[in-house]
Amino acid sequence: MLEATVTVGAEPIGVISPRLYGAFAEHLGRCCYGGLWVGPDSDIPNVDGFRSDVVAALRALPTPFIRWPGGCYSEHYHWRSGIGPAATRAASLGMSCGLYTSDSHALGTHEFMRFCELIGAEPYLAGNVATGSVQEMCDWIEYVNSSTDSALTRERAANGRLAPWNVKTWGVGNESWDCGGRFDAVTYAHEYRRFARMIRDVDPRAELVAVGQEDEPLPESGLDPEWNARFLETLGPAAGLVDHLSVHKYWIHGGPETDFDESQYYALLDEADGTEGLIERTWRTIEAVAPPSHRIRIALDEWGVWHPEARDWGPGDVPRRRPPDLEQANTLRDALAVAVALEGLHRQCNVLSMANLAQVVNVLQAPILTDGPRIALTPTYHALALHRPHVGAHALPVQVEAATRIPGKRTAVSATASVATNGSSGAVTIVNRHWNAPAEVRMRLTGMPNARAGDSRLLTADAPNAVNVPGEAEQVFPRPLEVEVLGDATFRVSIPAHSMATIEFASNGR
Ligand code: AHR
């Protein structure tokens, strides 16, 4: 049994924006079609074409923010293909990540906006820079957001929506350094400036997301590790046209999706932990290069694990699925990796404006898997659900003391904590990253002397590679956790190896 002490500080770091719990839905494989959308005539129970089971699960999670329609797909997407009567929408070639599909466009702008209403999410729309035009993106924004009488707003009304949706967040390209046109940073900066300047005329309130890049690209990719600095430097005073700088982080060094060994288990958790480092480095670049008069924030608008079986590039000594359909197993290890990464996202909540886990159903690190009419809530779903009390709360500083270290020299136990903005409740989420040693964890809440333990739940399974499969009994699910009261706002829990837990507290203040 390893021992750890978690001391939760009293002074908030900042607000954990609900946007940090964002999702990502791309027209790719079985994410949008099959996973979300089955059409109103489907035998699968649905609400206006969207699977009822998936809608209910996402609503409960919660899912406060969602990016659509890509990803690389958005760089081939022309929004006019997805409006008007369904029967008149022509199918086109859907392309992303080497997957080719016939896109019926049954799921278009109106349908996606309806989906956002159903799950209670704020939409984030990704615009097309590589094969689109400034005019096309301005038109989309006018169609979606304008309340002025115009041919486009009349068309919106004729298609069933009189009032504008007022979508705030718009992406200007996606991975423009590769699938979004293979621009260099300077050329993209010139493109971005033109798009952003004209979009601001159409909707001055639009929050624009510019394409940044992970600063440690694979050497064989030939990508520019200085992209972010070069892009912002080229913009110069026009950096004020950037509200959010997008970076993507996929963990690719954890070996096989299910048949991993102990060192590969730790490698994935360590990589997940490193997500915070990317945010810190990106922030240092923004601070060094962008004019301080305009505060650019970081959009981690794709993140999560991408196992080797589900890709045809990058490290991993395992057979690859052909063609790679980006579908992969989702184990307890993946759920723990999400919890580890969220600790860092909470700590960076003052500079990180959004985070969108890739992707929402069936593809990559999906919280939900479907198989025909069947559904499974993955371990990742349950890990996110255990973070519910942190959404919109104040992040609190946490100090962990534990003698036991794991590879990567991290403490075996780690934690994150928050307090509701009105101070009436708080929560601590702890992760025991150890492969096979259970942990006894003492928690001291320095800012909540009157805290009373409330709902507390544990997520674990017999093995770190346990999965949940549609149509089969769940192996990984939350269960109640006993909390021992030690007095003086101090509590103790015992949790197994490879597990995580959230302990909620009620408080009547100091
Ligand atoms: O999420 C899958 C793909 O990963 C996205 O389309 C792209 O943006 C990224 O490379």
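Rules and cut-offs
Residues numbered from 1 in each chain as written. Predicted model: local features only at pLDDT ≥ 70, side-chain atom pairs only at ≥ 80, totals over all residues. Heavy atoms only, no water. Pairing = 2+ DSSP bridges. Helix = DSSP H or I, 4+ residues; strand = E, 2+ residues; numbered from the N terminus. Axes fitted to C-alpha atoms, helices over the stretch in contact; angles between N-to-C directions. Near = heavy atom within 4 Å. Polar contact = N/O pair within 3.5 Å; in protein donor to acceptor, adjacent residues only side chain to side chain. Nonpolar A, V, L, I, M, F, W, Y, C, P; charged D, E, K, R; others polar. Buried < 20%, exposed > 50% of the residue type's maximum accessible area, 1.4 Å probe, protein only. Domains from an automatic or database assignment. Contact = heavy atoms within 4.5 Å. Buried area = accessible area lost by both parts, 1.4 Å probe. Salt bridge = Lys/Arg side-chain N within 4 Å of Asp/Glu carboxyl O.

Peer 1: Mind showing me how you'd approach the sheet that holds strand β18 (residues 398-402) here?
Peer 2: The mixed open sheet is built from five strands, whose spatial order is β18-β1-β23-β27-β26. Of all strands in the sheet, those with a lone pairing partner are β18 and β26 (484-487), marking the two edges. Strand-to-strand twist across the sheet, computed as the mean angle between neighbouring axes with direction ignored, equals 20°. Here strand β1 (residues 2-8) pairs with β18 via five bridges, running antiparallel. Residue pairing across strands places V6 opposite V400, the latter belonging to β18.

Peer 1: Help me understand the site of the ligand, please; the structure alone is not making it clear to me.
Peer 2: With respect to spatial proximity, 15 residues lie near the ligand, and among them E26, C72, E175, Y250 and E302 are the closest. Here an oxygen atom of the ligand and a side-chain polar atom of E26 are 2.7 Å apart. The separation between an oxygen atom of the ligand and a polar side-chain atom of N174 is 3.0 Å. Class assignment for the residues of the shell around the ligand results in seven nonpolar, five polar and three charged.

Peer 1: Could you clarify how one ought to interpret the pairing of β1 in this entry?
Peer 2: If a strand is regular, its side chains alternate between the two faces of the sheet. Every second residue of β1 is oriented toward a common face, the buried set being L2, A4, V6 and V8 and the non-buried set E3, T5 and T7. With seven bridges connecting them, β1 and strand β23 (residues 439-445) associate as parallel partners. Residue pairing for β23: V8 is matched across the bridge by L445.

Peer 1: What am I meant to see in the domain arrangement of the chain here?
Peer 2: Reports often express the size of an interface as the amount of accessible area lost when the parts come together. What the domain assignment lists for the chain is domain 1 (2-8 + 395-507) and domain 2 (17-391). Computed over C-alpha atoms only, the centres of domain 1 and domain 2 are separated by 30 Å. Taken residue by residue, the interface counts 41 residues in domain 1 and 38 residues in domain 2. Summing both sides of the interface, domain 1 and domain 2 together bury roughly 3,100 Å²; the carbon and sulfur share of this comes to 64%. A per-residue breakdown of the area domain 1 buries against domain 2 is headed by R433, W435 and P470, which together make up 22% of the total. The interface formed by domain 1 and domain 2 holds four salt bridges in total. Note that E343 and R433 form a salt bridge whose closest N and O atoms lie 3.3 Å from each other. If you look at where domain 1 meets domain 2, you find 19 residue pairs in polar contact (both at pLDDT 80 or more). Elements with a contribution of two residues or more to the side of domain 1 that touches domain 2: β21 (413-419), β22 (425-432), β24 (452-460), β25 (477-480) and β28 (499-506).

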